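Analysis of the macromolecular model
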Amino acid sequence: MKFSIPDTRPFYDGIHQNPFGKEKFLSINPATEEVITEIPEADEKDVSAAVNAAQKAYEEWKEMDVIEKGNIISKIADAVEENADELIWLDVIDAGRPIVDAQEDIEAVVRMYRYFSGVPSKIEGSTIPTGNDKVVFTVPEPYGIIAAITAWNYPLFNETAKIAPIIATGNACILKPAEETPLVALRLAEIIANIPGIPKGLVSVLNGRGETTGELLVANESIRKVTFTGGTETGKAILNNISRTQIKGTTFELGGKSPIIVFNDANLDGAAKAIAFCGFFNQGQTCTAATRILVEKNVHDELISKIEEITKRIVIGDPFDTNTSIGPLVSETQYNKVRGYVERAIKCGEQLRFGGLMDKRKGFFVKPTLFDNVAPTSELFKDEIFGPVLTVTEFETLEEAISLANNSAYGLACGIWTKNIATMHSMISQINCGIVWCNTLFEEFPGAPAGGFKNSGYGREFGKEAITEYTQIKTMWVSADDSYTDWV
């Protein structure tokens, strides 16, 4: 299976456009370290032209019948299915994702568009009784143009998680993919633009670095909201940039350091399988990855042995090989970051149970790695490594487990493994995070909201909550009596 690299020029007004900007950056295949192609970086003129096209598309889109909008979004799902092989191929060379994982993502992407195809006709306001001759009612209205800045770990899925709810709620979307994974978004935009009836410019793609193209999008006054998925420090930088010029809406899905809490009555086989999957899947490059294993002391040895046995069956290699479980990290920068954590941990005497660095080979590969008996003060315990590196810490009491779980600047997701319903409910009520999985991990559904507490961001993606994120409420007062009361 091999396809052509898509046109890399900026995409807006329904077609690829010759770039105004002269700067370019390289797209690198993380499995081979070979240059795939050069990518033009959008400059201020590119952003301005894309915004103008998006504004025209928005004006047309907001006047369209809501049932027709839903039909168009449903046709995007059909088109994704028809072009699945090409999108999978691009996802693999873009991010180094194992092909079997990229194939599963296509199903999730199609489900996302199908779910949000029902949203345009379900956006409703409310009436508010006031007890007098006036009627008060609310109407959710779109923002207009929304800039969506996405992460590189699941390119096609992350881009769809922005596009689908943004256009379903009546907005136009200008997408800036992560510079590490610029390709699949361009092909997706082409596919969407070819849907009959969709306004030109409704979905645009501008590639570039965060500190250039990203900042230009954030600063553009015609863009009324920014939604971002990525690292916490980048989220802070975006907020600082916005605050210097204007006030606009933001939705942030940021980093995580998920605790997985395993009690001594848990199904250890099930917990071990879930932890190995959720910790090492996608090379550990997942904001909800099972990175901190908190295990009750008297089942520690058994659980870790089971995880280690599972890890021995993991195949590291060519992401286009269907037998591959783990591919490369996305870039040399990410590889060096993860390598640094592993090397420092070993040098500092952390207990390496299995894994570690591989002998140097082509591609940015790291073994599935686990450090045992990690203290809460360790950088391994505290930092989001974003690679296949897990830590294990023991606890003896429920209170200690809660304290360890909450001992983090992040609050995105958590897993609890126990057969005791009372323990489960106690943990759920006291863990400070936005997603809690009980006796399962890494579940998602387009109708279930997802988002974090603390430094993991704010706002929610997916579900009915996405309607709230991408619309703003207008309140209207209507009086039956137009004489008004004399106030003097």
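A brief look at the structure comes next. (Residues numbered from 1 in each chain as written. Predicted model: local features only at pLDDT ≥ 70, side-chain atom pairs only at ≥ 80, totals over all residues. Heavy atoms only, no water.)

**Regarding the sheet that holds strand β15 (residues 369-372)**
Applied cut-off: At least two bridges found by DSSP between two strands are what make those strands a pair. Under the DSSP-based scheme used, a helix requires at least four consecutive residues in state H or I and a strand at least two consecutive residues in state E, with every element numbered from the N terminus. Angular values range over 0 to 180 degrees, each being the angle between N-to-C directions of two axes fitted as lines to C-alpha atoms, with helices fitted over their stretch in contact.
Ordered by their spatial adjacency, seven strands build an open sheet running β14-β15-β16-β13-β12-β18-β19, and the pairing between neighbours is mixed. The open sheet has two free edges, formed respectively by β14 (351-354) and β19 (435-438), since each of these has just one partner strand. Averaged over all adjacent pairs, the angle separating strand axes in this sheet is 25 degrees, with direction ignored. In the sheet, β15 pairs with strand β16 (residues 389-395) via three bridges, with the strands oriented parallel.

**Description of the pattern of salt bridges**
Under the convention used in this document: Just to be clear on terms, a salt bridge is a Lys or Arg side-chain nitrogen sitting within 4 Å of an Asp or Glu carboxyl oxygen. To sort residues, take the accessible area from a 1.4 Å probe on protein chains only and compare it with the maximum for the residue type: under 20% means buried, over 50% means exposed, and anything in between is partly exposed.
Considering all chains together, one arrives at 21 salt bridges under this definition. The closest approach of N and O atoms between Lys24 and Glu38, which form a salt bridge, is 3.8 Å. With Lys24 in strand β3 (residues 24-28) and Glu38 in strand β4 (residues 35-40), the pair connects residues that are 14 residues apart, well separated along the chain. Across the pair Glu190 and Arg187 runs a salt bridge whose closest N-O atoms are separated by 2.9 Å. Placement of both Glu190 and Arg187 in helix α6 (residues 183-193) is noted, with a separation of three residues, approximately one turn of the helix. For Glu190, a relative accessible area of 16% puts it in the buried group. Take Arg187: its relative accessible area is 15%, and that puts it in the buried class. A cluster of three or more residues bridged by salt bridges with shared partners is formed by Asp78, Glu81 and Arg114.

**Observations concerning the sheet that holds strand β6 (residues 134-142)**
The three strands are arranged β5-β6-β22 in an open sheet whose pairing can be described as antiparallel. Since the sheet does not close on itself, it has two edges, and those belong to β5 (127-128) and β22 (471-479), each with one partner. As paired strands, β6 and β22 are joined by nine bridges and run antiparallel to one another. By the bridge assignment for β22, Phe137 is matched with Met476.

**Points about the nonpolar core**
To keep it simple, the criterion reads: Buried Ala, Val, Leu, Ile, Met, Phe, Trp, Tyr and Cys residues that are joined via side-chain atoms within 4.5 Å together make up what is termed a nonpolar core. We call two residues in contact when some of their heavy atoms are within 4.5 Å.
Counting 114 residues, the largest nonpolar core has Tyr113, Val262 and Leu303 as the members making the most contacts within it. Residue contributions to this core peak at nine residues, all from helix α4 (residues 99-116). If we ignore the near neighbours within four places in the chain, the residues touching Leu303 are Val262, Leu268, Ala271, Ala272, Ile275, Ile293 and Val295. Core analysis: the second largest hydrophobic core is formed by 27 residues, Phe364, Ile385, Cys414 and Ile416 among them.

**Brief notes about helix α9 (residues 268-280)**
Where we set the bar: In this scheme, a helix's expected span is set at 1.5 Å multiplied by one less than its residue total. Polar contacts here mean pairs of N or O atoms no more than 3.5 Å apart (in protein, one a potential hydrogen donor and the other a potential acceptor; neighbouring residues in sequence count only if both atoms are side-chain atoms).
Look at α9: 18 Å from first C-alpha to last across 13 residues, which is about the 18 Å you get at 1.5 Å a residue. Within α9, 10 of the 13 residues are buried, leaving the element largely enclosed by the surrounding structure. By the burial criterion, the buried members of α9 are Leu268, Gly270, Ala271, Ala272, Ala274, Ile275, Ala276, Cys278, Gly279 and Phe280. Of the residues that open α9, the one with a side-chain oxygen 3.2 Å from the backbone nitrogen of Asp269 is Asn267. Where α9 terminates, the next one or two residues include Asn282, which has phi positive at roughly 55 degrees.

**As for the packing of helix α2 (residues 66-82) against α4**
Condition: Note on angle classes: values under 35 degrees are labelled roughly parallel, values over 145 roughly antiparallel, values of 65 to 115 roughly perpendicular, and the remainder oblique. In this scheme the handedness of a crossing depends on how the near helix is turned from the far one: anticlockwise by less than a right angle means left-handed, clockwise means right-handed. Side-chain classes follow a simple rule in which Ala, Val, Leu, Ile, Met, Phe, Trp, Tyr, Cys and Pro form the nonpolar group, Asp, Glu, Lys and Arg form the charged group, and the remainder, Gly included, forms the polar group.
Between α2 and α4, whose axes approach to 7 Å, the crossing angle comes to 165 degrees. Our classification of the angle between α2 and α4 gives roughly antiparallel. By crossing handedness, the relation of α2 to α4 is classed as left-handed. Contacts from Ile73, Ser74, Ile76, Ala77, Asp78, Val80 and Glu81 of α2 reach α4 at Ile106, Val109, Val110, Tyr113, Arg114 and Phe116. Of the residues contributing to the contact of α2 with α4, the split by class is nine nonpolar, one polar and three charged.

**Comments concerning the pairing of strand β13 (residues 292-296)**
So the rule is basically this: Crossover handedness is defined here as right-handed if the route from the first strand over the helix to the second strand goes clockwise, with the strands pointing away from the viewer.
Most of β13 sits inside the fold, with five of its five residues counted as buried. Burial along β13 is two-sided: Arg292, Leu294 and Glu296 facing one way and Ile293 and Val295 facing the other are all buried. Pairing of strand β12 (residues 259-262) with β13 involves four bridges; the strand directions are parallel. When the bridges of β13 are listed, Ile261 appears paired with Leu294. For the handedness criterion, the β-α-β arrangement of β12, α9 and β13 is classed as right-handed. In this sheet, β16 lies alongside β13 in parallel orientation, the contact comprising five bridges. From the neighbouring strand, Ile293 faces β16, where its bridge partner is Val392.

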